[in-house]
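Summary of structural features
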Amino acid sequence: MSKFEINGHLYSAEPRPGQCLRTFLRDLEVFGVKKGCDAGDCGACTVWLDGRPFHSCLVPAFRGEGRKITTIEGLAKDGKLHPVQQAFHDAQAFQCGYCAAGMIMTTASAAFDEAHKADLPHALKGNLCRCTGYRSIEDALHGKSNIEEDVAGKACGASLPNPFTDAILTGKARYTMDIAIEGLLHLKVLRSPHAHARIKSIDRTKANAVPGVVAVYTWEDVPRRLFSSALHEDHLVDPDDTYMLDNIARFAGQRIAAIVAESEGAAEAGCRALDVEYEILPAVFDPVEAMEPGAPVLHHKEDVVTTSSNIFCTLEGEIGDVAKGFKEADAVHEMTYSTSRVQHVHLETHGSIAWKGDDNRWHVRTSSQAPFAARTKLAYQMGIPTRDLHVFTERVGGGFGGKQEMVSEDLVLFATMKLGRPVKWEWTREEEFVGATTRHQMTTKVKIGARKDGTLTALDVHVVSNTGAYGGHGSETLAAAMASPLAVYRCDNKKGVGHAVYTNMVPAGGFRGYGASQTTFAIECAIDELARLLGIDPFAMRRRNVVKPGDNVESIWKEPSDASFGSHGIDQCLDIVEKELAKGNGVAKPGGADWAEGTGVALAMLECGPPTEHRSGAEMKLLPDGTYHLACGSSEMGNGITTAHKQIAASLVGVRARDIDIINADTDRTPYDTGTFASTGTVVAGKAVHITAQAIRDDILDFAARHTGVGLGKCRLDNDAVVCGNKRILLSELHAAGAKVNHRFTVSRRAYLSPRTIAFNVQGVRLAVHRMTGEIRVLQSVHAADIGVPINPMQCRGQLDGAVAMGYGWALTENMVHDEGHMVNPQLRNYRIPAFADTPRTDIFFADTHDTIGPLGAKSQGECGINPVAPAVSNALAAAVGVRFAHLPFTPDRLYSKLAAKP
């Protein structure tokens, strides 16, 4: 038996043939070593061998023998954080925290010297972060602290650290797969190699003969119940067009069969051993072609499509008279814009573990943004009552809408119900690209007209959305695409027609910005083009037409909306960005005549929350020691919602945030929550926390008044006590007095999404573009957000940093390349989310507003920041070179072809 020294402890273990060090360490329950890619691209698995950092997924496990292996768990000594861990603590250099261990192990090594700190773009090229935008990581490595003191009664508005900071930075925080379960089986799926095919037969003989294979499941074995993998409160908005396993594959990557085995290797070998005979069917990949008569039809169910074609959903409407509006216009711009598919690339891949508990119930541990909605769908699929099912998350390693989808829970639950043993399914990075959902590719034709003074007279928008092989979020993202991007501008005459269309592409789903990103790109580019025709400054054009309090908030439908102005800060945002761009930041464009410089701006509006139902509950209790316990069903995935909820509650009961313990996203232990998506973590779940904290405060004061005989008006909370007249009673003493008369000091309240307040974002970009090569360098990036009162300014800034960075990725580097429906670059090194070197530092500003609808004056902030980035880049490019780039992404090859053709 081989000997391994890991974090100062000796282990006797024998690696499997060909096993990498990452999986070997995790087999030994060293869970701080994360999996982001297993290809050496992301750095999440970084460990030290004799003090030098290595990506452990690339190191054969046997090479660790005889060497000192150090992981994130071994960095802190004698209960004291390593200096780099402390720096990450003080700067809060993480959000979901999944990349933090790898980042710290890279930057805490002796090899990471001052020269590396001086050249972070190069030094951090092997470590990726999808959440932070890298700003806080840079702050940590330069010794900057971003946190403030936790003062009783002053939690709201303070930059307080995440309550799980130390656990994240020391590797103790447990993500979905960070658990050891005895008797665990592993599930893998065979995916279709064809974009459209009917399964004629599946021969399981060879698969069943693979040593370690326990079971093989195909469409003939699983429940034949249609469902949608999308997770919403109102499931009727999503089409039931999907089976757990199907006999028809509608995209390359669709799951065909599931193999359950004693090890992942055996399960993968079982998949390879399956003999499947396919009947290849005609396929269609372009949504416009898919709408044509005679196109291959993907779904032949009357309850799935609106007609006998591939058009799943059509939305249309008109207010005013668009034809009349164009006749009144002095200038008209008309152009077609298109946006690309992109992947969420949350560093923690999808995964679930299911088992039967001692309570004779089924338990599913999963990486989900909506465990309650997932429970409802799982119970339906399996034909069991929801009370027999427990679904929960612990820490979720990023989501961005990709985990508002039930794609891993159903098969593991089915298998464990069949086999009576716990079953795990952890996706690979390639599976994320070929089998998970993406942003909807949309093509938007915009026709817009205005008078000489810039006043809009007509807006006509036609949208075609490629929803892929299954409808999922197709109708809701289309509705979002045709809502706020059109409603943000005052115009008497608006018209829109939109189609969500089935094609033989990987299904599209929810993604940060949720459909509004795509049409914001088109409309904001069109606004700039119209301003150019009229000779009006782009800022002035937007100020003249942007919606204001008192205006109807409407896009193309005459029905009244519940969206309302709880506050209005778009004017401040425009002023801030214009001033900052005019002031500059001292960064000049590269020298030489081949470099052109341009400045662009774009804005976006967010109706905080989806137009359909959304609800959330919270429960709060006073504990015997005088502290509080808070339970809320929303998911923490790097959005900082647990920190914000603690701050909201602490502000209302007058204590420090750390005096409130919190649990979230557990269908057994927390009240119901629709899910953490569509910007609802603050405005719905936060509102539930707000009214619950008010209720527990009132309950405590009411009991104290009765207990002391002092009038309620003379009682107030004072940190860890209640003051009634001239009496000061510790909360612990009050709790004890309540226990004697069976007073429980426990309350629960629910919040619902209506009315929806409105938030705004403005992005400014100054860039340089090389006229010959198409290379783009962002020289200045400015973002202003109207988010009401920031509950935690540091977290809000971090959310916006991450959203803007993701926007730059969408605009400049990320591109899912497909050939006849097959993705040809399903790897991080070829898909290229922004690394540190690709991410410009953005100056973030907040409008000074206080919202009358959101909790403690706050509005949503995590989602909308991405929406104005790509159009601002396009507008800056047009200003620089006089060419409108209307199709994402702006890669050098695409720019070169148009620049070369320019006279």
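Remember, predicted model here, so these are calculated numbers, not experimental data. (Residues numbered from 1 in each chain as written. Predicted model: local features only at pLDDT ≥ 70, side-chain atom pairs only at ≥ 80, totals over all residues. Heavy atoms only, no water.)

1. Concerning the overall build of the protein chain
Per the secondary structure count, the protein chain includes 26 helices and 33 strands. Relative to a compact globule of 903 residues, whose C-alpha radius of gyration would be 29 Å, the protein chain shows 28 Å and is just as compact. Counting only C-alpha atoms, the protein chain reaches 80 × 75 × 60 Å along its principal axes. Burial statistics for the protein chain: of 903 residues in total, 65% are counted as buried. Carbon and sulfur atoms make up 49% of the accessible area of the protein chain, which amounts to about 32200 Å² in all. Positive and negative side-chain charges in the protein chain, numbering 95 and 106 respectively, have mean positions lying 2 Å apart. (Helix = DSSP H or I, 4+ residues; strand = E, 2+ residues; numbered from the N terminus. Rg over C-alpha atoms; globule rule 2.2 N^0.38 Å. Buried < 20%, exposed > 50% of the residue type's maximum accessible area, 1.4 Å probe, protein only. Areas by Shrake-Rupley, 256 points an atom, 1.4 Å probe, with all protein chains shown as cover. Lys, Arg positive; Asp, Glu negative; His and termini not counted. Charge placed at Lys NZ, Arg CZ, Asp CG, Glu CD.)

2. Description of the pattern of salt bridges
In this structure the tally under the stated criterion is 55 salt bridges. A salt bridge links Lys445 to Glu334; the shortest N-O distance between them is 3.4 Å. Remark: Glu334 occurs in strand β13 (residues 331–338) and Lys445 occurs in strand β18 (residues 441–450); sequence separation between them is 111 residues. Under the relative-accessibility criterion, Lys445 is labelled partly exposed at 39%. Among the ionic pairs, Asp838 bridges to Arg832, the shortest N-O distance being 2.8 Å. (Salt bridge = Lys/Arg side-chain N within 4 Å of Asp/Glu carboxyl O.)

3. Structural notes on the pairing of strand β2 (residues 9–13)
The sheet contact formed by strand β1 (residues 2–6) and β2 spans 5 bridges and is antiparallel. Residue pairing for β2: Ile6 is matched across the bridge by His9. What sits between the antiparallel neighbours β1 and β2 is a turn of 2 residues, in which Asn7 has the positive phi angle 55°. (Pairing = 2+ DSSP bridges.)

4. Considering the sheet that holds strand β9 (residues 248–249)
If you walk across this open sheet you meet the 3 strands as β9-β7-β11, and the pairing is antiparallel. The open sheet has two free edges, formed respectively by β9 and β11 (275–280), since each of these has just one partner strand. Across 6 bridges, the pairing between strand β7 (residues 197–203) and β11 is antiparallel. Along β11, the bridge assignment pairs Asp203 with Asp275.

5. Things to note about the sheet that holds strand β29 (residues 758–770)
The strand order β21-β29-β30-β33 describes an open sheet built from 4 strands, whose pairing is mixed. A single partner strand is all that each edge strand has here, and the edge strands are β21 (595–607) and β33 (842–846). Taken over all neighbouring pairs, the strand axes of this sheet differ in orientation by 15° on average, direction set aside. Here 5 bridges tie strand β30 (residues 776–786) to β33, and the two strands are oriented parallel to one another. Directly across from Ser781, in β33, lies its bridge partner Thr842. Helix α23 (residues 793–813) contacts β29, β30 and β33 of the sheet and is inclined by roughly 130° relative to β33. Strand contacts of helix α25 (residues 869–881): β21, β29 and β30, with the helix running at about 150° to β21, the strand carrying the most contacts. (Axes fitted to C-alpha atoms, helices over the stretch in contact; angles between N-to-C directions. Contact = heavy atoms within 4.5 Å.)

6. Some remarks on the environment of Cys156
Along the polypeptide, Cys156 turns up in the loop between α6 (135–141) and α7 (165–169). For the pair Cys156 and Asn792, spaced 636 residues apart in sequence, the C-alpha to C-alpha distance is 6.9 Å. Apart from residues lying up to four places away in sequence, Cys156 is in contact with Gln647, Ser651, Val789, Ile791 and Leu856.

7. Let's talk about the environment of Ile662
For Ile662, the location among the structural elements is in strand β24 (residues 660–664). A residue is classified by how much of its surface remains accessible, and Ile662, at 8% relative accessible area, is buried. Measuring from C-alpha to C-alpha, the distance between Ile662 and Met620 comes to 9.2 Å, with 42 residues separating the pair along the chain. Once you skip the residues sitting within four places of it in the chain, Ile662 turns out to touch Phe164, Leu630, Thr642, His645 and Lys646.

8. Focus: the packing of helix α20 (residues 641–653) against helix α21 (residues 680–708)
Packing of α20 against α21 leaves a shortest axis separation of 9 Å and a crossing angle of 30°. Regarding the angle of α20 to α21, the classification is roughly parallel. The two elements α20 and α21 meet at a crossing, and its hand is right-handed. Contact residues: α20 offers Ile641, His645, Ile648, Ala649, Leu652 and Val653, while α21 offers Gly681, Thr682, Ala685, Gly686, Val689, His690, Ala693, Gln694, Ile696 and Arg697. Its residues placed into classes, the contact of α20 with α21 shows 9 nonpolar, 6 polar and 1 charged. (Parallel < 35°, antiparallel > 145°, perpendicular 65-115°, else oblique. Left-handed = near helix turned anticlockwise from the far one by under 90°. Nonpolar A, V, L, I, M, F, W, Y, C, P; charged D, E, K, R; others polar.)

9. Thoughts on the side chain of Thr813
Tracing the sequence through the fold places Thr813 in helix α23. Here the side chain of Thr813 touches Arg832 through a polar contact of 3.0 Å, landing on its backbone oxygen. With residues near it in sequence (within four places) discarded, Thr813 still touches Tyr808, Tyr831, Arg832, Ile833 and Pro834. (Polar contact = N/O pair within 3.5 Å; in protein donor to acceptor, adjacent residues only side chain to side chain.)

10. Quick look at helix α22 (residues 731–740)
Among the residues of α22, those classed as buried are Leu731, Leu734, His735, Ala737 and Gly738. The buried side chains of α22 occupy one side of the element, clustering within an arc of 160° when seen end-on. Elements in contact with the buried residues of α22: β22 (615–622), β23 (628–632), α21, β25 (715–718), β26 (721–724) and β27 (727–730). Looking one or two residues beyond α22, the residue adopting positive phi is Asn742, at roughly 65°. (Arc of directions from axis to C-beta.)

11. Describing the packing of aromatic side chains
Each aromatic ring pair is summarised here by two numbers: the centre-to-centre distance and the angle between the ring planes. Evaluated as defined, the whole model comprises 15 aromatic pairs. Consider the rings of Phe312 and Tyr502, whose centres lie 5.8 Å apart with planes at 50°: the pair is tilted. Taken together, the positions of Phe312 in strand β12 (residues 311–319) and Tyr502 in strand β20 (residues 494–502) put the pair 190 residues apart, joining distant regions of the chain. On the basis of an interplanar angle of 90° and a centroid distance of 6.1 Å, the ring pair of Tyr337 and Phe521 is categorised as edge-to-face. Of the two residues, Tyr337 is situated in strand β13 and Phe521 in helix α17 (residues 516–534); the sequence distance between them amounts to 184 residues. For the pair shown, Tyr337 and Phe521 are each scored as buried. Here the aromatic residues Tyr337, Phe521, Phe885 and Phe890 are joined through ring pairs into a cluster of three or more. Note that Arg225 overlies the ring of Tyr380, its terminal NZ or CZ placed 5.6 Å from the centroid. Seen from the ring of Trp810, Arg439 lies directly overhead, with NZ or CZ sitting 4.6 Å from the centre. (Phe/Tyr/Trp six-rings, centres within 6.5 Å; stacked < 30°, edge-to-face > 60°. Lys NZ or Arg CZ within 6 Å of the ring centre and 35° of its normal.)

12. Concerning helix α18 (residues 538–545)
Among the residues of α18, Phe539, Met541, Arg542 and Asn545 are the ones counted as buried. For α18, the arc enclosing every buried residue in end-on projection is 160°, short of the 170-degree limit, so these residues lie on one face. The inward-facing, buried residues of α18 abut β18, β19 (456–468), α17, α19 (570–583), β21 and α25. Looking at where α18 begins, the residue whose side-chain oxygen comes 2.8 Å from the main-chain nitrogen of Phe539 is Asp537.

13. Brief notes about the nonpolar core
Formed by 142 residues in total, the largest nonpolar core has its most connected members in Phe88, Ile137, Leu456, Met541, Val873, Leu877 and Phe890. Broken down by element, this core gets its largest block of residues, 9 residues, from α17. Residue contacts for Phe88: discarding those within four places in its chain leaves Ala93, Phe94, Met103, Ile104, Thr107, Ile137, Ala140, Leu141 and Leu169. Counting residues in hydrophobic clusters, the runner-up holds 44 residues, among them Ala158, Cys632, Ala644 and Ile660. (Core = buried A, V, L, I, M, F, W, Y, C linked by side-chain atoms within 4.5 Å.)

14. Side note on the environment of Asp238
Along the polypeptide, Asp238 turns up in the loop between β8 (213–217) and β9. Taking relative accessible area as the criterion, Asp238 reaches 5% and is therefore assigned buried. When near neighbours in sequence (up to four residues on either side) are disregarded, Asp238 contacts Ser228, Ala230, His232, Gly472, His473 and Glu476. Within the structure, Asp238 has its side chain in polar contact with the side chain of His232 (distance 2.8 Å).

15. Looking at unusual backbone geometry
Across the junction of Ser754 and Pro755, the peptide omega takes the value -5°, indicating a cis bond. Tracing the chain through its elements places Pro755 in the loop between β28 (746–752) and β29. That bond from Leu888 to Pro889 is cis: its omega, -5°, falls within 30 degrees of zero. Relative to the helices and strands, Pro889 is located in the loop between α25 and α26 (892–901). Positive phi is not limited to glycine here, since Gln92 has a value of about 50°. Take Gln92: it is sitting in the loop between α2 (83–91) and α3 (100–107). Judged by its relative accessible area of 7%, Gln92 is buried.

The quantities given are spatial measurements derived from coordinates; they are silent on function.
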